[in-house]
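# Close look at the chain arrangement
Chain by chain, the residues:
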Amino acid sequence: MDYVLSLIGPMAEGAKVTLSLFCITLLLSVPLGLVLALARISRWPLLAAAVNGYIWLMRGTPLMLQLLFVYFALPFVPVIGVRLPDFPSAVVAFALNYAAYFAEIFRAGIQSVERGQYEGSKVLGLTYLQTMRRIVLPQMVRRVLPPMSNETITLVKDTSLIYVLALNDILRTARGIVQRDFTTTPFLVAAVFYLLMTLVLTWFFQRMEKRYAKFDE
Amino acid sequence: MPNSTSSADAPVASPADREIMIQATEITKSFGATRVLEGVSLTLRKGEVVAIIGPSGSGKSTFLRCLNHLETIDGGSISIEGEALATAVPGSASRYAPDADVRRICRKMGMVFQSFNLFPHMTVLENIIEAPMTVKRQPRSVAVPKAEALLAKVGLQAKRDSYPSRLSGGQKQRVAIARALAMEPDIMLFDEPTSALDPELTVEVLRTMRQLAEEHMTMLVVTHEMGFAREVAHRVIFMDQGRIVETAGSEEFFSAPQHARTRAFLGQML
(Lines give C-alpha, C1' and ligand atoms only; values in the text may rest on other atoms or scores of the structure.)
Protein backbone atom coordinates (compact mmCIF):
# COMPACT_ATOMS: atom_id res chain seq x y z
CA MET A 1 0.00 0.00 0.00
CA ASP A 2 2.83 2.36 0.86
CA TYR A 3 4.35 1.51 -2.47
CA VAL A 4 1.12 2.45 -4.29
CA LEU A 5 0.95 5.73 -2.35
CA SER A 6 4.54 6.48 -3.29
CA LEU A 7 3.54 6.18 -6.95
CA ILE A 8 0.82 8.81 -6.71
CA GLY A 9 3.22 11.75 -6.67
CA PRO A 10 5.05 10.98 -9.94
CA MET A 11 1.85 9.72 -11.56
CA ALA A 12 0.10 12.97 -10.66
CA GLU A 13 2.93 14.76 -12.48
CA GLY A 14 2.12 12.61 -15.51
CA ALA A 15 -1.59 13.30 -15.08
CA LYS A 16 -0.83 17.02 -15.32
CA VAL A 17 0.63 16.49 -18.78
CA THR A 18 -2.27 14.27 -19.84
CA LEU A 19 -4.85 16.71 -18.50
CA SER A 20 -3.25 19.80 -20.03
CA LEU A 21 -3.10 18.14 -23.43
CA PHE A 22 -6.71 17.00 -23.01
CA CYS A 23 -7.99 20.45 -22.00
CA ILE A 24 -6.04 22.48 -24.54
CA THR A 25 -7.04 20.07 -27.32
CA LEU A 26 -10.70 20.45 -26.40
CA LEU A 27 -10.48 24.23 -26.12
CA LEU A 28 -9.00 24.44 -29.61
CA SER A 29 -10.72 21.62 -31.46
CA VAL A 30 -14.31 22.28 -30.42
CA PRO A 31 -14.46 25.83 -31.87
CA LEU A 32 -12.38 24.76 -34.87
CA GLY A 33 -14.68 21.79 -35.42
CA LEU A 34 -17.70 24.08 -35.32
CA VAL A 35 -16.18 26.41 -37.90
CA LEU A 36 -15.32 23.42 -40.10
CA ALA A 37 -18.86 22.06 -39.78
CA LEU A 38 -20.37 25.41 -40.81
CA ALA A 39 -17.91 25.62 -43.69
CA ARG A 40 -18.81 22.13 -44.82
CA ILE A 41 -22.51 22.95 -45.10
CA SER A 42 -21.87 26.42 -46.52
CA ARG A 43 -23.13 27.65 -49.86
CA TRP A 44 -19.63 27.83 -51.33
CA PRO A 45 -18.85 24.48 -52.96
CA LEU A 46 -15.08 25.09 -53.02
CA LEU A 47 -14.95 25.74 -49.30
CA ALA A 48 -17.12 22.72 -48.57
CA ALA A 49 -14.91 20.54 -50.79
CA ALA A 50 -11.74 21.81 -49.12
CA VAL A 51 -13.12 21.00 -45.68
CA ASN A 52 -14.24 17.61 -46.95
CA GLY A 53 -10.69 16.93 -48.07
CA TYR A 54 -9.30 18.09 -44.76
CA ILE A 55 -11.63 15.80 -42.82
CA TRP A 56 -10.75 12.88 -45.05
CA LEU A 57 -7.02 13.52 -44.50
CA MET A 58 -7.34 13.85 -40.73
CA ARG A 59 -9.60 10.86 -40.25
CA GLY A 60 -7.85 8.79 -42.88
CA THR A 61 -4.37 8.77 -41.36
CA PRO A 62 -3.29 7.60 -37.90
CA LEU A 63 -3.11 10.23 -35.20
CA MET A 64 0.31 8.81 -34.33
CA LEU A 65 1.52 9.56 -37.87
CA GLN A 66 0.15 13.12 -37.59
CA LEU A 67 1.99 13.57 -34.30
CA LEU A 68 5.26 12.41 -35.81
CA PHE A 69 4.67 14.56 -38.89
CA VAL A 70 4.09 17.77 -36.95
CA TYR A 71 7.15 17.20 -34.77
CA PHE A 72 9.64 15.78 -37.27
CA ALA A 73 8.46 16.72 -40.76
CA LEU A 74 6.70 20.05 -40.40
CA PRO A 75 9.95 22.01 -39.97
CA PHE A 76 10.95 21.00 -43.51
CA VAL A 77 7.65 21.93 -45.18
CA PRO A 78 8.05 25.07 -47.35
CA VAL A 79 6.18 28.25 -46.39
CA ILE A 80 4.32 26.90 -43.33
CA GLY A 81 7.36 25.01 -42.04
CA VAL A 82 7.96 25.70 -38.36
CA ARG A 83 9.87 23.85 -35.69
CA LEU A 84 7.72 23.32 -32.62
CA PRO A 85 8.80 21.96 -29.24
CA ASP A 86 7.37 18.57 -28.23
CA PHE A 87 4.28 19.59 -26.24
CA PRO A 88 3.08 22.28 -28.68
CA SER A 89 3.59 19.75 -31.50
CA ALA A 90 1.29 17.35 -29.70
CA VAL A 91 -1.30 20.09 -29.15
CA VAL A 92 -1.28 21.03 -32.84
CA ALA A 93 -1.66 17.43 -34.02
CA PHE A 94 -4.38 16.61 -31.50
CA ALA A 95 -6.38 19.79 -32.11
CA LEU A 96 -6.27 19.42 -35.89
CA ASN A 97 -7.20 15.75 -35.69
CA TYR A 98 -10.02 16.08 -33.19
CA ALA A 99 -11.45 19.12 -34.94
CA ALA A 100 -12.11 16.87 -37.95
CA TYR A 101 -14.07 14.39 -35.85
CA PHE A 102 -15.96 17.13 -34.01
CA ALA A 103 -16.78 18.80 -37.35
CA GLU A 104 -18.59 15.68 -38.49
CA ILE A 105 -20.47 15.36 -35.21
CA PHE A 106 -21.51 19.02 -35.34
CA ARG A 107 -22.49 18.80 -39.01
CA ALA A 108 -24.78 15.86 -38.29
CA GLY A 109 -26.23 17.77 -35.33
CA ILE A 110 -26.84 20.93 -37.33
CA GLN A 111 -28.42 19.03 -40.20
CA SER A 112 -30.75 17.21 -37.82
CA VAL A 113 -32.47 20.51 -36.98
CA GLU A 114 -35.64 20.68 -39.09
CA ARG A 115 -36.02 23.10 -41.98
CA GLY A 116 -39.05 24.58 -40.24
CA GLN A 117 -36.76 26.05 -37.58
CA TYR A 118 -34.90 28.00 -40.26
CA GLU A 119 -38.15 29.12 -41.85
CA GLY A 120 -39.63 30.11 -38.52
CA SER A 121 -36.52 32.18 -37.84
CA LYS A 122 -36.46 33.72 -41.28
CA VAL A 123 -40.04 34.97 -41.20
CA LEU A 124 -39.30 36.61 -37.85
CA GLY A 125 -36.46 38.51 -39.48
CA LEU A 126 -33.49 36.71 -37.96
CA THR A 127 -30.33 36.73 -40.08
CA TYR A 128 -28.46 33.52 -40.89
CA LEU A 129 -25.94 34.15 -38.10
CA GLN A 130 -28.68 34.98 -35.58
CA THR A 131 -30.55 31.84 -36.61
CA MET A 132 -27.45 29.73 -36.10
CA ARG A 133 -26.49 31.27 -32.79
CA ARG A 134 -29.92 31.55 -31.19
CA ILE A 135 -31.95 28.75 -32.74
CA VAL A 136 -29.93 26.04 -34.48
CA LEU A 137 -26.78 25.66 -32.37
CA PRO A 138 -28.58 25.43 -29.01
CA GLN A 139 -30.67 22.60 -30.44
CA MET A 140 -27.60 21.02 -31.94
CA VAL A 141 -25.80 20.97 -28.58
CA ARG A 142 -28.32 18.64 -27.03
CA ARG A 143 -28.22 16.26 -29.98
CA VAL A 144 -24.43 16.06 -30.14
CA LEU A 145 -23.92 15.41 -26.42
CA PRO A 146 -23.89 11.58 -26.65
CA PRO A 147 -21.38 11.41 -29.54
CA MET A 148 -19.34 14.21 -27.93
CA SER A 149 -19.18 12.20 -24.73
CA ASN A 150 -17.81 9.25 -26.70
CA GLU A 151 -15.27 11.36 -28.50
CA THR A 152 -13.91 13.15 -25.43
CA ILE A 153 -13.52 9.86 -23.59
CA THR A 154 -11.54 8.58 -26.55
CA LEU A 155 -9.44 11.73 -26.37
CA VAL A 156 -8.51 11.06 -22.73
CA LYS A 157 -7.00 7.74 -23.75
CA ASP A 158 -5.55 8.95 -27.07
CA THR A 159 -3.37 11.40 -25.16
CA SER A 160 -1.20 8.38 -24.25
CA LEU A 161 0.13 8.48 -27.83
CA ILE A 162 2.40 11.38 -26.93
CA TYR A 163 4.92 8.92 -25.52
CA VAL A 164 6.35 8.89 -29.08
CA LEU A 165 7.48 12.46 -28.48
CA ALA A 166 8.99 11.34 -25.16
CA LEU A 167 6.45 13.37 -23.18
CA ASN A 168 5.88 11.98 -19.70
CA ASP A 169 2.13 11.57 -19.47
CA ILE A 170 0.43 9.10 -17.11
CA LEU A 171 1.18 6.02 -19.16
CA ARG A 172 4.83 6.81 -20.00
CA THR A 173 5.48 7.68 -16.34
CA ALA A 174 3.96 4.37 -15.32
CA ARG A 175 6.04 2.48 -17.85
CA GLY A 176 9.19 4.17 -16.58
CA ILE A 177 8.43 3.07 -13.03
CA VAL A 178 7.56 -0.46 -14.19
CA GLN A 179 10.96 -0.77 -15.83
CA ARG A 180 12.74 0.73 -12.83
CA ASP A 181 10.99 -1.28 -10.08
CA PHE A 182 10.27 -4.57 -11.92
CA THR A 183 6.59 -4.54 -10.90
CA THR A 184 3.44 -4.05 -12.95
CA THR A 185 1.56 -2.26 -10.15
CA PRO A 186 2.11 1.20 -11.75
CA PHE A 187 0.04 0.04 -14.75
CA LEU A 188 -2.89 -0.58 -12.40
CA VAL A 189 -2.43 2.83 -10.83
CA ALA A 190 -2.39 4.36 -14.33
CA ALA A 191 -5.61 2.53 -15.17
CA VAL A 192 -7.22 3.99 -12.05
CA PHE A 193 -6.14 7.50 -13.12
CA TYR A 194 -7.73 7.07 -16.56
CA LEU A 195 -10.88 5.57 -15.05
CA LEU A 196 -11.25 8.51 -12.68
CA MET A 197 -10.95 10.98 -15.54
CA THR A 198 -13.52 9.19 -17.67
CA LEU A 199 -15.77 8.91 -14.65
CA VAL A 200 -15.74 12.69 -14.24
CA LEU A 201 -16.40 13.11 -17.96
CA THR A 202 -19.25 10.62 -17.96
CA TRP A 203 -20.81 12.34 -15.00
CA PHE A 204 -20.40 15.76 -16.64
CA PHE A 205 -22.05 14.67 -19.89
CA GLN A 206 -24.89 12.94 -18.06
CA ARG A 207 -25.59 16.17 -16.21
CA MET A 208 -25.51 18.14 -19.44
CA GLU A 209 -27.89 15.71 -21.10
CA LYS A 210 -30.29 16.04 -18.19
CA ARG A 211 -30.09 19.81 -18.33
CA TYR A 212 -30.86 19.84 -22.03
CA ALA A 213 -33.60 17.21 -21.72
CA LYS A 214 -35.93 19.55 -19.88
CA PHE A 215 -37.55 20.82 -23.07
CA ASP A 216 -37.89 17.36 -24.58
CA GLU A 217 -41.00 15.60 -25.74
CA MET B 1 -82.63 37.49 -42.70
CA PRO B 2 -81.70 39.86 -39.89
CA ASN B 3 -78.01 40.11 -40.81
CA SER B 4 -78.47 40.48 -44.52
CA THR B 5 -76.85 43.89 -44.17
CA SER B 6 -73.66 42.46 -42.66
CA SER B 7 -71.79 42.53 -45.94
CA ALA B 8 -72.95 46.07 -46.65
CA ASP B 9 -71.59 47.62 -43.47
CA ALA B 10 -68.47 45.45 -43.33
CA PRO B 11 -65.48 47.81 -43.24
CA VAL B 12 -63.84 46.34 -46.31
CA ALA B 13 -66.90 45.89 -48.46
CA SER B 14 -65.77 48.72 -50.69
CA PRO B 15 -62.02 48.68 -50.23
CA ALA B 16 -60.96 49.85 -53.67
CA ASP B 17 -59.45 53.05 -52.33
CA ARG B 18 -57.60 51.37 -49.47
CA GLU B 19 -53.85 51.17 -49.39
CA ILE B 20 -52.41 48.22 -51.30
CA MET B 21 -50.48 45.96 -48.91
CA ILE B 22 -49.43 43.20 -51.29
CA GLN B 23 -49.26 43.47 -55.04
CA ALA B 24 -48.20 40.26 -56.78
CA THR B 25 -48.22 40.21 -60.56
CA GLU B 26 -47.97 37.21 -62.85
CA ILE B 27 -45.93 35.07 -60.47
CA THR B 28 -44.39 32.01 -62.05
CA LYS B 29 -42.49 29.34 -60.18
CA SER B 30 -41.15 25.89 -61.01
CA PHE B 31 -39.66 23.18 -58.87
CA GLY B 32 -37.27 21.53 -61.30
CA ALA B 33 -39.32 20.66 -64.36
CA THR B 34 -42.65 21.04 -62.57
CA ARG B 35 -44.46 24.32 -63.02
CA VAL B 36 -46.25 25.08 -59.77
CA LEU B 37 -47.33 28.66 -60.39
CA GLU B 38 -48.36 29.75 -63.85
CA GLY B 39 -48.94 33.45 -63.59
CA VAL B 40 -50.68 34.17 -60.30
CA SER B 41 -51.64 37.74 -59.44
CA LEU B 42 -53.06 39.18 -56.25
CA THR B 43 -53.88 42.57 -54.85
CA LEU B 44 -54.36 42.61 -51.11
CA ARG B 45 -55.58 45.83 -49.53
CA LYS B 46 -55.30 47.07 -45.99
CA GLY B 47 -57.70 45.36 -43.62
CA GLU B 48 -58.71 42.73 -46.11
CA VAL B 49 -58.99 39.09 -45.11
CA VAL B 50 -58.53 36.84 -48.11
CA ALA B 51 -58.75 33.06 -48.06
CA ILE B 52 -56.96 30.96 -50.65
CA ILE B 53 -58.49 27.56 -51.13
CA GLY B 54 -57.88 24.74 -53.56
CA PRO B 55 -56.90 21.11 -53.83
CA SER B 56 -53.49 20.02 -52.57
CA GLY B 57 -50.85 20.58 -55.19
CA SER B 58 -52.71 23.59 -56.54
CA GLY B 59 -49.79 25.87 -55.63
CA LYS B 60 -51.61 27.86 -52.96
CA SER B 61 -49.02 27.29 -50.22
CA THR B 62 -46.17 27.88 -52.64
CA PHE B 63 -47.74 31.16 -53.69
CA LEU B 64 -48.03 32.27 -50.07
CA ARG B 65 -44.41 31.27 -49.43
CA CYS B 66 -43.27 33.29 -52.44
CA LEU B 67 -44.76 36.44 -50.96
CA ASN B 68 -42.37 36.47 -47.99
CA HIS B 69 -39.36 35.02 -49.79
CA LEU B 70 -39.50 31.51 -48.33
CA GLU B 71 -39.49 30.57 -52.00
CA THR B 72 -37.94 32.60 -54.78
CA ILE B 73 -40.06 33.33 -57.80
CA ASP B 74 -38.94 32.68 -61.37
CA GLY B 75 -40.99 35.38 -63.03
CA GLY B 76 -43.37 38.21 -62.17
CA SER B 77 -43.11 40.88 -59.52
CA ILE B 78 -44.01 41.36 -55.87
CA SER B 79 -44.27 44.57 -53.96
CA ILE B 80 -45.19 44.98 -50.33
CA GLU B 81 -46.73 48.27 -49.24
CA GLY B 82 -45.42 49.84 -52.41
CA GLU B 83 -41.86 48.62 -52.03
CA ALA B 84 -40.47 46.26 -54.64
CA LEU B 85 -39.47 42.88 -53.24
CA ALA B 86 -38.97 41.32 -56.66
CA THR B 87 -39.18 42.99 -60.04
CA ALA B 88 -40.05 41.27 -63.29
CA VAL B 89 -37.24 41.21 -65.83
CA PRO B 90 -38.43 40.44 -69.36
CA GLY B 91 -36.75 37.32 -70.70
CA SER B 92 -35.10 36.29 -67.44
CA ALA B 93 -35.66 35.58 -63.76
CA SER B 94 -37.22 38.23 -61.53
CA ARG B 95 -34.70 40.45 -59.79
CA TYR B 96 -34.85 40.65 -56.01
CA ALA B 97 -34.06 43.68 -53.90
CA PRO B 98 -30.74 43.57 -51.97
CA ASP B 99 -30.71 41.07 -49.07
CA ALA B 100 -31.06 43.69 -46.33
CA ASP B 101 -34.06 45.26 -48.08
CA VAL B 102 -35.65 41.85 -48.63
CA ARG B 103 -35.34 41.14 -44.93
CA ARG B 104 -36.73 44.53 -43.96
CA ILE B 105 -39.64 44.31 -46.40
CA CYS B 106 -40.51 40.76 -45.39
CA ARG B 107 -40.62 41.80 -41.75
CA LYS B 108 -43.85 43.64 -42.55
CA MET B 109 -45.40 40.19 -42.84
CA GLY B 110 -45.85 37.74 -40.02
CA MET B 111 -46.31 34.09 -40.83
CA VAL B 112 -47.98 31.13 -39.18
CA PHE B 113 -47.11 27.64 -40.40
CA GLN B 114 -49.02 24.40 -40.50
CA SER B 115 -46.25 22.81 -38.42
CA PHE B 116 -46.01 25.71 -35.89
CA ASN B 117 -42.20 25.85 -36.03
CA LEU B 118 -41.92 27.00 -32.44
CA PHE B 119 -38.42 26.91 -30.99
CA PRO B 120 -38.42 23.79 -28.80
CA HIS B 121 -35.50 24.88 -26.62
CA MET B 122 -37.26 28.06 -25.51
CA THR B 123 -40.24 28.58 -23.25
CA VAL B 124 -43.42 30.11 -24.61
CA LEU B 125 -42.36 33.55 -23.38
CA GLU B 126 -38.85 33.18 -24.79
CA ASN B 127 -40.30 32.15 -28.14
CA ILE B 128 -42.27 35.37 -28.28
CA ILE B 129 -39.57 37.80 -27.12
CA GLU B 130 -36.79 36.22 -29.21
CA ALA B 131 -37.32 38.18 -32.42
CA PRO B 132 -38.23 41.52 -30.79
CA MET B 133 -35.04 41.32 -28.72
CA THR B 134 -32.68 39.88 -31.34
CA VAL B 135 -34.01 41.58 -34.47
CA LYS B 136 -35.57 44.78 -33.15
CA ARG B 137 -33.12 45.14 -30.26
CA GLN B 138 -35.94 45.74 -27.82
CA PRO B 139 -34.80 45.62 -24.19
CA ARG B 140 -36.21 42.75 -22.16
CA SER B 141 -38.20 45.20 -20.06
CA VAL B 142 -40.11 46.25 -23.18
CA ALA B 143 -40.41 42.88 -24.88
CA VAL B 144 -41.70 40.91 -21.89
CA PRO B 145 -44.77 43.01 -21.05
CA LYS B 146 -45.69 43.06 -24.74
CA ALA B 147 -45.33 39.30 -24.93
CA GLU B 148 -47.47 38.89 -21.84
CA ALA B 149 -50.18 41.06 -23.36
CA LEU B 150 -50.10 38.94 -26.51
CA LEU B 151 -50.31 35.77 -24.44
CA ALA B 152 -53.34 37.19 -22.68
CA LYS B 153 -54.85 37.95 -26.05
CA VAL B 154 -54.50 34.35 -27.24
CA GLY B 155 -55.57 33.10 -23.81
CA LEU B 156 -52.33 31.43 -22.77
CA GLN B 157 -50.91 33.50 -19.88
CA ALA B 158 -50.76 30.35 -17.79
CA LYS B 159 -48.40 28.70 -20.29
CA ARG B 160 -45.86 31.52 -20.18
CA ASP B 161 -43.02 29.39 -18.80
CA SER B 162 -43.92 26.08 -20.42
CA TYR B 163 -41.88 24.52 -23.17
CA PRO B 164 -43.68 23.94 -26.49
CA SER B 165 -43.47 20.16 -26.00
CA ARG B 166 -45.91 20.55 -23.10
CA LEU B 167 -48.57 22.27 -25.21
CA SER B 168 -51.40 20.89 -27.32
CA GLY B 169 -51.37 21.60 -31.04
CA GLY B 170 -53.96 24.32 -30.69
CA GLN B 171 -51.95 26.00 -27.92
CA LYS B 172 -48.78 25.75 -30.00
CA GLN B 173 -50.47 27.45 -32.91
CA ARG B 174 -51.80 30.25 -30.70
CA VAL B 175 -48.29 30.78 -29.35
CA ALA B 176 -47.06 30.87 -32.95
CA ILE B 177 -49.64 33.55 -33.72
CA ALA B 178 -48.57 35.56 -30.67
CA ARG B 179 -44.94 35.15 -31.69
CA ALA B 180 -45.66 36.49 -35.17
CA LEU B 181 -47.69 39.40 -33.76
CA ALA B 182 -44.85 40.35 -31.42
CA MET B 183 -42.98 41.69 -34.45
CA GLU B 184 -45.94 44.00 -35.10
CA PRO B 185 -46.47 42.99 -38.71
CA ASP B 186 -48.84 44.88 -41.01
CA ILE B 187 -49.89 41.67 -42.73
CA MET B 188 -50.36 38.14 -41.43
CA LEU B 189 -49.86 35.13 -43.68
CA PHE B 190 -51.35 31.82 -42.57
CA ASP B 191 -50.26 28.61 -44.27
CA GLU B 192 -52.88 25.98 -43.45
CA PRO B 193 -52.77 26.92 -39.77
CA THR B 194 -55.26 24.28 -38.67
CA SER B 195 -54.40 21.40 -40.98
CA ALA B 196 -52.24 19.64 -38.39
CA LEU B 197 -54.84 19.96 -35.63
CA ASP B 198 -57.62 17.77 -34.29
CA PRO B 199 -61.04 19.25 -35.05
CA GLU B 200 -61.67 20.32 -31.45
CA LEU B 201 -58.35 22.17 -31.35
CA THR B 202 -59.06 23.84 -34.68
CA VAL B 203 -61.83 25.85 -33.07
CA GLU B 204 -59.57 27.73 -30.63
CA VAL B 205 -57.10 28.67 -33.37
CA LEU B 206 -59.87 29.86 -35.67
CA ARG B 207 -61.29 31.91 -32.80
CA THR B 208 -57.96 33.69 -32.40
CA MET B 209 -57.77 34.32 -36.14
CA ARG B 210 -61.31 35.60 -36.23
CA GLN B 211 -60.43 38.01 -33.42
CA LEU B 212 -57.48 39.28 -35.45
CA ALA B 213 -59.73 39.81 -38.45
CA GLU B 214 -62.14 41.79 -36.29
CA GLU B 215 -59.23 44.04 -35.34
CA HIS B 216 -58.79 44.72 -39.07
CA MET B 217 -55.52 42.89 -39.46
CA THR B 218 -54.70 42.36 -43.12
CA MET B 219 -54.72 38.59 -43.54
CA LEU B 220 -53.99 36.12 -46.28
CA VAL B 221 -55.02 32.63 -45.26
CA VAL B 222 -54.37 29.39 -47.11
CA THR B 223 -56.92 27.04 -45.61
CA HIS B 224 -59.15 24.02 -45.95
CA GLU B 225 -61.60 25.49 -43.45
CA MET B 226 -64.54 26.40 -45.66
CA GLY B 227 -66.53 27.71 -42.71
CA PHE B 228 -63.74 30.11 -41.82
CA ALA B 229 -63.36 31.22 -45.44
CA ARG B 230 -67.04 31.86 -45.72
CA GLU B 231 -67.60 33.64 -42.43
CA VAL B 232 -64.36 35.52 -41.82
CA ALA B 233 -62.79 36.14 -45.23
CA HIS B 234 -63.99 39.06 -47.30
CA ARG B 235 -62.79 37.48 -50.46
CA VAL B 236 -61.99 33.93 -51.53
CA ILE B 237 -59.51 32.84 -54.15
CA PHE B 238 -59.79 29.38 -55.64
CA MET B 239 -56.57 27.99 -57.09
CA ASP B 240 -56.06 24.88 -59.14
CA GLN B 241 -53.01 23.64 -61.05
CA GLY B 242 -50.96 26.75 -60.38
CA ARG B 243 -53.59 29.21 -61.53
CA ILE B 244 -56.30 31.31 -59.96
CA VAL B 245 -59.52 29.81 -61.27
CA GLU B 246 -61.97 32.08 -59.54
CA THR B 247 -62.00 34.91 -57.07
CA ALA B 248 -65.04 36.55 -55.53
CA GLY B 249 -66.46 38.02 -52.35
CA SER B 250 -66.95 35.16 -49.92
CA GLU B 251 -70.76 35.23 -49.85
CA GLU B 252 -70.93 35.24 -53.61
CA PHE B 253 -68.16 32.68 -53.92
CA PHE B 254 -69.90 30.08 -51.83
CA SER B 255 -73.48 30.78 -52.86
CA ALA B 256 -72.89 31.16 -56.59
CA PRO B 257 -69.54 29.76 -57.72
CA GLN B 258 -69.05 30.59 -61.38
CA HIS B 259 -66.60 27.98 -62.49
CA ALA B 260 -67.25 24.25 -62.92
CA ARG B 261 -63.99 23.34 -61.20
CA THR B 262 -64.86 25.53 -58.23
CA ARG B 263 -68.22 23.85 -57.96
CA ALA B 264 -66.65 20.40 -58.15
CA PHE B 265 -64.14 21.33 -55.43
CA LEU B 266 -66.75 22.85 -53.14
CA GLY B 267 -68.93 19.81 -53.72
CA GLN B 268 -66.17 17.61 -52.32
CA MET B 269 -65.39 19.89 -49.39
CA LEU B 270 -68.83 20.74 -48.06
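Below or above, wherever it landed, is the structure these notes cover. (Residues numbered from 1 in each chain as written. Chains lettered and ligands numbered in written order. Predicted model: local features only at pLDDT ≥ 70, side-chain atom pairs only at ≥ 80, totals over all residues. Heavy atoms only, no water.)

### Topic: helix 2 (residues 45-60) of chain A
Residues and elements named next belong to chain A. Taking 1.5 Å of rise per residue, the 16 residues of helix 2 would be expected to cover 22 Å, and the 22 Å separating its terminal C-alpha atoms lies within 8% of that figure. Here helix 2 has its buried residues at Ala48, Val51, Ile55 and Met58. Down the axis, helix 2 shows its buried residues gathered within 95 degrees of arc, on one side only. In helix 2, the exposed positions that point more than 90 degrees away from the buried face belong to Pro45, Leu46, Trp56 and Gly60. Where helix 2 is buried, its residues contact helix 1 (2-40), helix 3 (63-73) and helix 4 (86-111). (Helix = DSSP H or I, 4+ residues; strand = E, 2+ residues; numbered from the N terminus. Expected span 1.5 Å × (residues − 1). Buried < 20%, exposed > 50% of the residue type's maximum accessible area, 1.4 Å probe, protein only. Arc of directions from axis to C-beta. Contact = heavy atoms within 4.5 Å.)

### Section: the packing of helix 1 of chain A against helix 7 (residues 170-181) of chain A
Helix packing geometry: the angle between the two helix axes and the distance between the axes. Residues and elements named next belong to chain A. In the contact formed by helix 1 and helix 7, the axes pass within 7 Å of each other and the chain directions differ by 145 degrees. The crossing of helix 1 and helix 7 is right-handed. Contact with helix 1, carried on its side by Tyr3, Leu7, Pro10, Met11, Gly14, Ala15 and Thr18, involves Ile170, Thr173, Ala174, Ile177 and Asp181 of helix 7 and no other residues of that element. (Axes fitted to C-alpha atoms, helices over the stretch in contact; angles between N-to-C directions. Left-handed = near helix turned anticlockwise from the far one by under 90°.)

### A word on the interface of chain A and chain B
Each partner contributes residues to the interface: chain A has 21 residues there, and chain B has 26 residues. Looking at the side of chain A facing chain B, the largest losses of area belong to Val123, Leu124 and Phe215 of chain A, adding up to 31% of the total buried there. Counting across the interface, chain A meets chain B through two salt bridges. Arg65 of chain B serves as the salt-bridge partner of Glu119 of chain A, at 2.6 Å between the closest nitrogen and oxygen. For the pair chain A and chain B, the interface holds seven residue pairs in polar contact (both at pLDDT 80 or more). (Buried area = accessible area lost by both parts, 1.4 Å probe. Salt bridge = Lys/Arg side-chain N within 4 Å of Asp/Glu carboxyl O. Polar contact = N/O pair within 3.5 Å; in protein donor to acceptor, adjacent residues only side chain to side chain.)

### As for the sheet that holds strand 7 (residues 109-112) of chain B
All names here are of chain B. One open sheet holds the six strands; their spatial order is 7-8-9-3-10-11, and the pairing between them is mixed. The sheet is open, and its two borders are formed by strand 7 and strand 11 (243-249), each paired with just one other strand. Each strand of the sheet is rotated relative to its neighbour by a mean of 15 degrees, with strand direction disregarded. Pairing of strand 10 (residues 235-240) with strand 11 involves six bridges; the strand directions are antiparallel. When the sheet's bridge partners are listed, Ile237 is paired in strand 11 with Thr247. (Pairing = 2+ DSSP bridges.)

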